[in-house]
Amino acid sequence: MSLPPPTGVPRSRFNLSEWALHHRPLVLFIIAVCALAGIYSYGRLGQSEDPPFTFKVMVIRTNWPGASAREVELQVTDRIERKLQEVPRIDWVRSYSKPGESLVFFALKDNASPSLVPETFYQVRKKVGDMRNTLPAGIQGPFFNDEFGDTYTNIYAITGDGFGYRELKEFGDRVRAELLRLPGVAKVDFIGEQDEKIFIELSNAKLATLGIEPAQIFQTLATQNVVAAAGVFETPSDRIYLRPTGAFVSLDAIRDLALRANNRVFRLGDIATVERGYVDPPQQRMRFLGREALGIGVTMVKGGDVIELGRALDADVGRIAAALPVGIDIEAVASMPRAVQRSVNQFVRSLAEAVLIVLAVSLLSLGLRTGLVVAVSIPLVLAITFLGMWIFDIGLHKISLGALILSLGLLVDDAIIAVEMMAIKLEQGYDRFRAASFAYTSTAFPMLTG
């Protein structure tokens, strides 16, 4: 005597599988729409190497040439720290004082919303700016830096045999202006740029022989090159400004500067060497393949597609390089789009492998129709996931791609469990409708929590 099949779950509870079976045309339409929307969303997702992150730290740097570390601490650092304690949402303030320089680190609380960070940093700038007149005379700054989150997507090196930094900078300005026109480019910075200086080396022996004080030369140079208003005169129809000449426009103009001492007039070039050079000791320098280079770093706009930007940069840089003079080369040093492309390719390969493995195992163990149901569920669920990522502004990066690869295992396991549960209930005597309904009530919540 065989027992009748169980009656199953009471009809009073909502059963999603049962509802879907009763509305199969509508469900198929929703599945098709979600699949197409997911494919569309995948092409619109932002792609980058790392997820966007809001840094909640600002650095306030103040220079005071000639001051000792103790003087910097008492008259600059302490005053800025006390003012920063008035800023809301402050977490901690850390400072470092050394001869001629003050560094103050201002950090927000971890629970501060990213949307409040720009407003808080504005308050820091405003409060420190309000108390700047209380700082000692002769300081430089304060200077603020809160752009720690900027990451270069591409770095290029401009090199040239026989060209100095001045010539490389001129070509770099042209390249920078071209790259800033590309959509998706937020900033273009120079790396290893050297500031030009004019060095005047005085001969102590000549100064002593002629009786010239170095202070006289310094004062004459400052007076000659000063920028000052010379006055205006007005006509019935115009106002005409008087602009005196005599400013230094070349090295020869500096060499020809006349100096008066002991009732005699001397030429600066006769008692000193005037040369053009770069700041010494040098600032941050860049070398590429053993040669001095000027670097160009490109930053992408927030939420942009780094792969699409990489294609545009490659095309534009290739066009610019073809127009540069012979001897000037621009070459790629680092490329984030290539790294991101490898990560995306790895995910696509993992997805294809998962579908093929599940399809093969399902076809061999569950049959053709059941295996196809399991295999189709993987890209369908991922398409709906891409739609959700696009709606919530979640791009493709290391974290999201890693999570998607890990979730493939759970997704395959859930699909097989649901199909296997239906197959078992069919063997126990359930009809197809009741078997599908039972799978939802017994496995939906455990799979959802998983």
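Residues numbered from 1 in each chain as written. Predicted model: local features only at pLDDT ≥ 70, side-chain atom pairs only at ≥ 80, totals over all residues. Heavy atoms only, no water.

**Student:** Got a minute to help me understand the side chain of Asp-316 in this structure?
**Tutor:** With respect to the helices and strands, Asp-316 occurs in helix H10 (residues 306-323). Asp-316 gets classed as buried once you look at its relative accessible area, which sits at 9%. Among the polar contacts listed, one links the side chain of Asp-316 to the side chain of Arg-319, at a separation of 2.6 Å. Residues in contact with Asp-316, not counting those within four places in the same chain, are Glu-178, Leu-179 and Leu-182. (Helix = DSSP H or I, 4+ residues; strand = E, 2+ residues; numbered from the N terminus. Buried < 20%, exposed > 50% of the residue type's maximum accessible area, 1.4 Å probe, protein only. Polar contact = N/O pair within 3.5 Å; in protein donor to acceptor, adjacent residues only side chain to side chain. Contact = heavy atoms within 4.5 Å.)

**Student:** Looking at this structure, I do not really get the side chain of Thr-299. What am I missing?
**Tutor:** One can find Thr-299 in strand E14 (residues 291-300). Beyond its immediate stretch of four places on either side in the chain, Thr-299 contacts Asp-150, Thr-151, Tyr-152, Gly-184, Val-185, Ala-186 and Lys-187.

**Student:** Would you mind going over the pattern of salt bridges with me for this structure?
**Tutor:** Any two side chains of opposite charge can pair, so long as their charged atoms come close to each other. Applying the stated criterion across every chain, the model contains 15 salt bridges. With its nearest N and O atoms 2.6 Å apart, the salt bridge here joins Asp-316 to Arg-319. Taken together, the residues Asp-316 and Arg-319, both in helix H10 and three residues apart, mark about one turn of the helix. For Arg-319, a relative accessible area of 46% puts it in the partly exposed group. A cluster of three or more residues bridged by salt bridges with shared partners is formed by Glu-178, Arg-181, Asp-316 and Arg-319. (Salt bridge = Lys/Arg side-chain N within 4 Å of Asp/Glu carboxyl O.)

**Student:** Please explain the pairing of E14 as it appears in this structure.
**Tutor:** Looking along a regular strand, one sees side chains alternate from face to face of the sheet. Within E14, eight of the 10 residues are buried, leaving the element largely enclosed by the surrounding structure. Where strand E5 (residues 152-160) and E14 come together, six bridges link them in antiparallel fashion. Looking across to E14, one finds that Ala-157 is bridged to Gly-295. Bridge count for strand E6 (residues 185-191) against E14 is six bridges, and the pairing is antiparallel. Bridging across to E14, Phe-190 finds its partner in Ile-296. As paired strands, strand E13 (residues 286-288) and E14 are joined by three bridges and run antiparallel to one another. When the bridges of E14 are listed, Phe-288 appears paired with Arg-291. (Pairing = 2+ DSSP bridges.)

**Student:** Looking at this structure, how should I read a nonpolar patch on the surface?
**Tutor:** A cluster of nonpolar side chains, namely Phe-14, Leu-16, Trp-19, Leu-26, Phe-29, Ile-30 and Val-33, defines an oily patch on the protein surface of about 670 Å² accessible area. Of all the elements in the fold, those that place two or more residues in the nonpolar patch are helix H1 (16-22) and helix H2 (24-44). Ranked by residues supplied to the nonpolar patch, first place goes to H2 with four residues. Take Leu-26: it is sitting in helix H2. (Patch = residues over 30% accessible without salt bridge, like charges linked within 9 Å, V, L, I, M, F, W, Y side chains within 5 Å. Areas by Shrake-Rupley, 256 points an atom, 1.4 Å probe, with all protein chains shown as cover.)

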